[in-house]
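# Examination of the molecular architecture
The chain contents come next:
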Amino acid sequence: MASEDESQEMGGTFGEEMPSGHGGPKEGHLAHGGGDHKPHKEEGHSDHGGGGHGTPEKGGRGGHGKGDHHAAMLQDFKRRLFVSLLITVPVLALSPMIQTFFGFDLVFPGSFYLLFALSSLVYFYGGWPFLTGLKRELSEREPGMMTLIGVAISVAYFYSSAVVFGLAGKFFFWELVTLVDIMLLGHWVEMRSVMGASRALEELAKVMPSEAHLIRDGQVEEVEIASLKKGDRVMVRPGEKVPVDGTVLEGKSSVNESLLTGESKPVGKMEGSRVIGGSMNGEGSLVVEVGKTGKETYLSTVIALVTSAQESRSKTQDLANRAAFFLTVIALSVGAITFAAWIYYGRDVVFAIERGVTVMVITCPHALGLAIPLVVAVSTSLAAKSGLLIRERQSFERAREIEAVVFDKTGTLTRGEFGVTEVIPLVGVGEVGKEGEAEMEVLRLAASLEASSEHSIARGVVKGAEDRGISTAPADEFQSMPGKGVLGVVDGRRLKVVSPGYLEGAGIELDDERVRAAEEGGKTVVFLLEDETPLGALALGDSVRPESKEAVERLKSMGLKCMMLTGDNRYVAEEVSRDLGLDEFFAEVLPHQKAEKIREVQERYTVAMVGDGVNDAPALAQADVGIAIGAGTDVAVETADIILVRNDPRDVVTIIRLSKKTYSKMFGNLLWATGYNAFAIPLAAGVLYSYGILLSPALGAVLMSMSTVIVAVNAKLLKMD
């Protein structure tokens, strides 16, 4: 056997030699307060620090439920850490090895018993989370990192205690306390990281104001939001937060919804507009009718979805859990083999125990347990901040494999409302305006007349003028002709905007190839008349969103096929497809046939279906990844896997990219967490002992904690474009 001097020369810290035959202190039970924070298992999460603390309680709200539990655990770990650190100072001062190393002497009658008492306090108080974790894992027959840590500190403690009470040998209490300190520090840092990743939920919960201005019997009174009911009317003054989800009854303003939907620009609100609770009102006052309260509100839905997504099981997490289990078994086995091997080769028991303990400490699958849950928490919170709500975790992970994206047309690629697609001046029949300005003049006159109508076609004409920056004039003597059109006087001219049926009934013949082509293309055509003379025609259709073209271009640049699925006629579908540059389209498909079409595409590709989440429900459910696109409160969450809060198809690109980046982070974390152990286990066992390289348990804990920090930092670096 090597002498103590040889051991020190080889760089090992093997404990201190203890003379036998000295009396022991009176037995006493050490109080170790702080309570039994027994860890609990969560689906899809490994246990860290005496419990799975990856996400808030399902159904909880911003720091309540499990959020409060995790906050309490965080404070408990912090308290145990600082108490243990304070006790560590005298333990180090009383340890003969430390005294020898620093060249001082602090030995007095009973000093070893005091050293034992102080170390016992650290073992029971500081090590309590690991000891309870050890008990739970063994009772559930699922040994994990708590088992490794608990066994390591227990072997060190009880062997050293036996030496204090007469067993010939050495002890290493200072290594025990520093190991506990480092493990507590690692768990505390880890818990802070995980809680920080989910803090977006707490911020969302703080968005809602606590009071509202209720309008009752013509008077405004301050009431608690919880007391509001559907149908109540509330006033929202300039600069205040909107207290509820509802509909604007009076007023006009712009509302900042960026925190809730990710929409960077303030959204204009007027009578009939919907508002979301928690958004910030701008310059005008609004009177809002309460539409939803409590758990029905958009904000509550967002919090529930984010919480559910963070807690939902990941396929990659299943792999990590299996790897952690096998790694634990390997660590315990290798630790035992290491102990037996060093005894076999003639080393003393203390040296062999230290090698076994170091193997178990350095092999703790701590980083492996954190690798996936932290990435899940970060990616889900990151998506929620940008208005991307992940409802089904495994589908989100499949999004990186998407090969084809199938879009619904109406309300997804198009606005879902009438818009002016073409203005046709009828040259030679009724020219108006200056040369080159005929189209604008026809649209100006028609919009001026239609501005007084509430018909959907009329709104489309008016919006067409607004989009082109055309100012309208007031209309006098306005009249509606049900089923035929409208009439009135604009700029002193008696005008009508009428349907093709009116022309036919009035015997007005019109033969224009452009008008005929528009009608054959599925467009709705109305005519501007002056004294029964056609001045022009306006073709209206469901206009394509400006952002749709960019979305398709970006998806195709990623190598994905872009398709469209619509119940509209073939001519309309062909025009939209050609305008956007789609690879394929399916037209005149009834709602119950959409799922069948998706199945056909799935025979060739991995498919994502993007629709409004209502009429497209069967197709959304059939697709490999169902993505509902819709504004705020109308999002259909029953069948979609992922919900895009904004009516912006470009967010499909963001989801796919985030899925790829998330998987990359998960894979990188798993690679590091497992690869690290492949290097660390042999080193901890002492294979390089002959070269003077030997790790103490405390140094092993430092290396293990470093791997955990690396995994945590890697997850936090996940960013969106």
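No experiment lies behind these values; they were computed from the predicted model shown. (Residues numbered from 1 in each chain as written. Predicted model: local features only at pLDDT ≥ 70, side-chain atom pairs only at ≥ 80, totals over all residues. Heavy atoms only, no water.)

Let us now look at the packing of helix α20 (residues 546-557) against helix α24 (residues 650-685). Taken N-terminus to C-terminus, the directions of α20 and α24 make an angle of 30 degrees; their axes are 7 Å apart at the nearest point. Taken together, the axis directions place α20 and α24 in an arrangement best described as roughly parallel. Contacts between α20 and α24 involve E547, E550, A551, R554 and L555 from the first element and R650, V652, V653, I656 and R657 from the second. In terms of residue class, the contact of α20 with α24 is made up of 5 nonpolar, no polar and 5 charged. (Axes fitted to C-alpha atoms, helices over the stretch in contact; angles between N-to-C directions. Helix = DSSP H or I, 4+ residues; strand = E, 2+ residues; numbered from the N terminus. Parallel < 35°, antiparallel > 145°, perpendicular 65-115°, else oblique. Contact = heavy atoms within 4.5 Å. Nonpolar A, V, L, I, M, F, W, Y, C, P; charged D, E, K, R; others polar.)

What follows concerns the sheet that holds strand β4 (residues 219-224). Taken in spatial order, the 6 strands of this open sheet run β4-β3-β5-β11-β6-β9, and their pairing is antiparallel. Of all the strands in the sheet, just β4 and β9 (274-275) have a single pairing partner and so form its edges. Strand direction decides the pairing type here: strand β6 (residues 245-251) and strand β11 (residues 286-292), joined by 6 bridges, are antiparallel. Bridge pairing in β11 places V248 opposite V288. (Pairing = 2+ DSSP bridges.)

With that settled, the discussion passes to the packing of aromatic side chains. All told, the structure shown has 13 aromatic pairs when counted by the stated rule. Centre to centre, the rings of Y123 and Y157 are 4.3 Å apart; their planes meet at 5 degrees, and the pair counts as stacked. Linking Y123 in helix α4 (residues 111-126) with Y157 in helix α6 (residues 145-164), this pair joins segments that are 34 residues apart in sequence. Residue Y123 is classed as buried on the basis of its relative accessible area of 3%. Ring geometry for W342 against F351: centres 4.9 Å apart, planes inclined by 85 degrees, an arrangement best described as edge-to-face. Of the two residues, W342 and F351, both sit in the buried class. Among the aromatic residues, those joined into a cluster by ring pairs are F116, Y123, F124, Y157, F158, F165 and F173. One Lys or Arg, R80, reaches over the ring of Y125 and ends 4.8 Å from the middle of that ring. Note that R400 overlies the ring of Y663, its terminal NZ or CZ placed 3.5 Å from the centroid. (Phe/Tyr/Trp six-rings, centres within 6.5 Å; stacked < 30°, edge-to-face > 60°. Buried < 20%, exposed > 50% of the residue type's maximum accessible area, 1.4 Å probe, protein only. Lys NZ or Arg CZ within 6 Å of the ring centre and 35° of its normal.)

Moving on: the side chain of R80. Within the secondary structure, R80 is located in helix α2 (residues 66-94). On the basis of relative accessible area, R80 is assigned to the buried category, the value being 0%. Looking at R80, its side chain comes within polar contact range of the side chain of D76, at 2.7 Å. (Polar contact = N/O pair within 3.5 Å; in protein donor to acceptor, adjacent residues only side chain to side chain.)

UniProt annotation of "transmembrane region" (unreviewed entry) refers to residues 81-104, 110-131, 143-165, 171-189, 323-345, 357-384, 670-692 and 698-718 when read in the numbering used here. When the span residues 81-104 is considered, its composition is 88% helix and 0% strand, and the gap between its end C-alpha atoms is 27 Å. A helix fraction of 91% and a strand fraction of 0% characterise residues 110-131, whose end C-alpha atoms lie 28 Å from each other. (UniProt positions renumbered as here; feature names shortened; annotations may be inferred.)

The next thing to look at is the pairing of strand β22 (residues 607-611). Within β22, 5 of the 5 residues are buried, which leaves the element mostly enclosed by the surrounding structure. Neither face of β22 is exposed, since V607, M609 and G611 on one face and A608 and V610 on the opposite face are all buried. As defined by bridge partners, strand β13 (residues 404-408) adjoins β22 across 4 bridges and the pair is classed as parallel. Its bridge partner lying in β22, A404 is registered against V607. Sheet analysis places β22 next to strand β23 (residues 625-629), joined by 4 bridges and oriented parallel. Across the sheet, G611 pairs through a bridge with A628, a residue of β23.

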